[in-house]
Amino acid sequence: MKISFFKQLPKLITQTITIVCTLITTLTMISSLTTEVNGEIITFDSTVSSLSNGLNNGDSVTVGGITVTFTNAVITNGGSVGEVENSGILFSSSTEAGTSDVISVDITFNQNVQITSYEIGQREDVPTGRFFTLSGSNGVSGNNVIPSGSTQTEISINFDTGTIPFIKAGESYTLSHNLPTDNENDPLFNLESLTVTAIPEISNWQKQTSPATQNIQEVRYFNNLFIAVGNGGAIITSPDGKIWSLQSSQTSNDLNGIAFEKGRYIALGKNIIITSTDAVNWSPITTDINSSEDNLYDILYNNGEYILAAFEYIATSTDLTNWNIIRENTGSYNLVKIDGIFYYSGENGDVQASLDARNWFPRLENNCYVDNIITHGGNLFTVGCKSSPTFGSVVYRSTNGEIWDEISNIVSSSSIFSGLASGNNYLIIVGSGGAVRISVDGGNTWGDKNIAGEDTFSPSIAYGNNRFVIVGDSGVIYLLEDMDSVDFEISSQINNAVNISWDSSVNKKYSVEFRNDLKDDNWIKIQQNIQGDGSTLSVYDLINNSDTKFYRVLESDL
């Protein structure tokens, strides 16, 4: 059974499609340490883990569904296994002659993960310049330095990922160090743990049949309708992201953007503004600002006037016909109003802010471009590129719209990202080469998906009806729906209680939560860590006649 994003139940209950929750796990590489995984205490018992007695090829440890396997250990000083203490790999040369020492070891994870911190225990005076690195097919970490000084204290340090955006599932990465191995008195240290975060890789993007052959420049979701515009006056619409219809726009001009303001759709482009009340029948607007040089991108309506973002200016109008240019040389692509503040982004990497759309103040200045300002998880985000110190993609995040921080762990490589969207806890950016990057923790970590055969996506991705739609060159359309959702039913019971039930899977655990307002990110747990056994599971929740509740069921690995 497939259910829509929201299902209105009689009087009291509304339910939401549920996505798989973020799995954040502290993974201890060697046993005998205790760690907390999603609120559940898990202890590694040294009597269970063979790693407590040595580092052997093929050894593995599993925590919270994340497994790390050790292979290809390079060992010196005559041993067949690496010297291992109770809480870590003895990674340096030893003070005892003949003891085995680990020079390097390959590690493989069963999921995409990102290492966020590491913990070491050091012995004696560690000389300066000692470090260990991680290397794999998609990059090399920075030098993770062992602090010098005489101590036996365990130290937790942020891991320098270097150029590795994340560790790919199933691929081998070499963990090695630069400590000399020919000095039996060289100070030693233990690598006691790595903290890793699982990163989602959503792979079920489905290519849709498109009625357009032109390059599609923007897609948005308004009034239960996906609507996309592009070159040659192309306009295509869909209620579900699957079945698309080509509309007659009454123009052959290229269209750059689409908005819905004051009860009508407004499409903007090269020397053109067209409008429609139903997204089917379109009419051009004759304006006093049209010229062969005008490239119009975005528009919004506020307090009796339209505000227009063009590449060369920002203008206002009360009727879409007579325009007053209020700011020139903007290079603006995107115009939004968030919490009473206007923002535009565009050429030269600018984000400008204003309280009245007339007096503008710089909030972010770059040297390339940024586009698409959105909100996600209480923060503002924008995506674009920069050319200094090296050319590449960048995502910026702001908590207040004034100070913008670069998210440094985004995968840039050769892809240029220029579109982003938010929905159902997912933050997704798209770029050239069919690149898709997905975050479920507010932009801190990113999974990836490259859609084979697609050279370019346009600067746009939209979310609506519990699904994402990407558009691109030659009319290409991709759809991601029902994002690993758990179907569930709600039925009324006596004594002011409802029954939430769903079909469970073996080796999965579930959490049932609710919130009282869709705008509130505070989910309240009814019950958690419910182990699936393949049967139908259920949870009861008490309600009052005045309650409004939105439910979800979260699924994660055991």
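Residues numbered from 1 in each chain as written. Predicted model: local features only at pLDDT ≥ 70, side-chain atom pairs only at ≥ 80, totals over all residues. Heavy atoms only, no water.

S.K.: Report on the state of the cysteines, specifying residues and quantitative values.
M.R.: Enumeration over the complete set of coordinates arrives at 1 disulfide. Put simply, Cys368 and Cys385 are joined by a disulfide, and their sulfur atoms are 2.0 Å apart. With the S-S dihedral at roughly -45°, the linkage between Cys368 and Cys385 falls on the left-handed side. Of this pair, Cys368 sits in the loop between strand S34 (361-364) and strand S35 (369-376) while Cys385 sits in strand S36 (residues 379-386); the two residues are 17 residues apart in sequence, bridging distant segments of the chain. (Disulfide = S-S within 2.5 Å. Helix = DSSP H or I, 4+ residues; strand = E, 2+ residues; numbered from the N terminus.)

S.K.: Any chance you could break down the sheet that holds strand S28 (residues 305-310) for me, citing the residues and the numbers?
M.R.: The strands making up a sheet associate through backbone hydrogen bonding, with each pair oriented either parallel or antiparallel. With antiparallel pairing, 4 strands are arranged side by side in an open sheet as S27-S28-S29-S30. Edge positions in the sheet fall to strand S27 (296-302) and strand S30 (324-328), since each of these pairs with one other strand and no more. Strand-to-strand twist of the sheet, defined as the mean angle between neighbouring strand axes without regard to direction, takes the value 20°. For strand S29 (residues 313-317) and S30, the ladder comprises 4 bridges, and the chain directions are antiparallel. When the sheet's bridge partners are listed, Ala315 is paired in S30 with Ile325. (Pairing = 2+ DSSP bridges. Axes fitted to C-alpha atoms, helices over the stretch in contact; angles between N-to-C directions.)

S.K.: I'd love a proper account of the packing of aromatic side chains, names of residues and values included.
M.R.: Tallied over the entire structure, the rule returns 12 aromatic pairs. By the ring-pair criterion, three or more aromatic residues cluster together here, those being Tyr221, Phe226 and Trp244. (Phe/Tyr/Trp six-rings, centres within 6.5 Å; stacked < 30°, edge-to-face > 60°.)

S.K.: Residue-level account of the confidence of the model for the chain, with values.
M.R.: For the chain, the average pLDDT comes to 76, and 74% of its residues sit at 70 or higher. Scored below 50 in pLDDT, residues 1-54 shows 186 contacts in the model against residues more than four places distant or in partner chains. Across residues 93-98 the pLDDT falls below 50, and counting only partners more than four positions away or on other chains, this stretch makes 22 contacts in the model. (pLDDT = per-residue confidence, 0-100. Contact = heavy atoms within 4.5 Å.)

S.K.: Tell me about the side chain of Thr316, and name the residues and values.
M.R.: Relative to the helices and strands, Thr316 resides in strand S29. Ignoring sequence-local partners within four residues, the contact set of Thr316 consists of Glu305, Tyr306, Ile307, Asn322, Trp323, Asn324, Ile326 and Arg358.

S.K.: Residues and numbers for the sheet that holds strand S32 (residues 341-346), please.
M.R.: Taken together, 4 strands build an open sheet; the order of strands is S31-S32-S33-S34 and the sheet is antiparallel. Unpaired on one side and paired on the other, strand S31 (332-338) and S34 mark the two borders of the sheet. Across the sheet, the mean angle separating the axes of adjacent strands is 30° when strand polarity is ignored. Pairing analysis gives 6 bridges linking S31 to S32, with the strands arranged antiparallel. Each bridged residue has a counterpart across the sheet, and for Ile338 the counterpart in S32 is Ile341.

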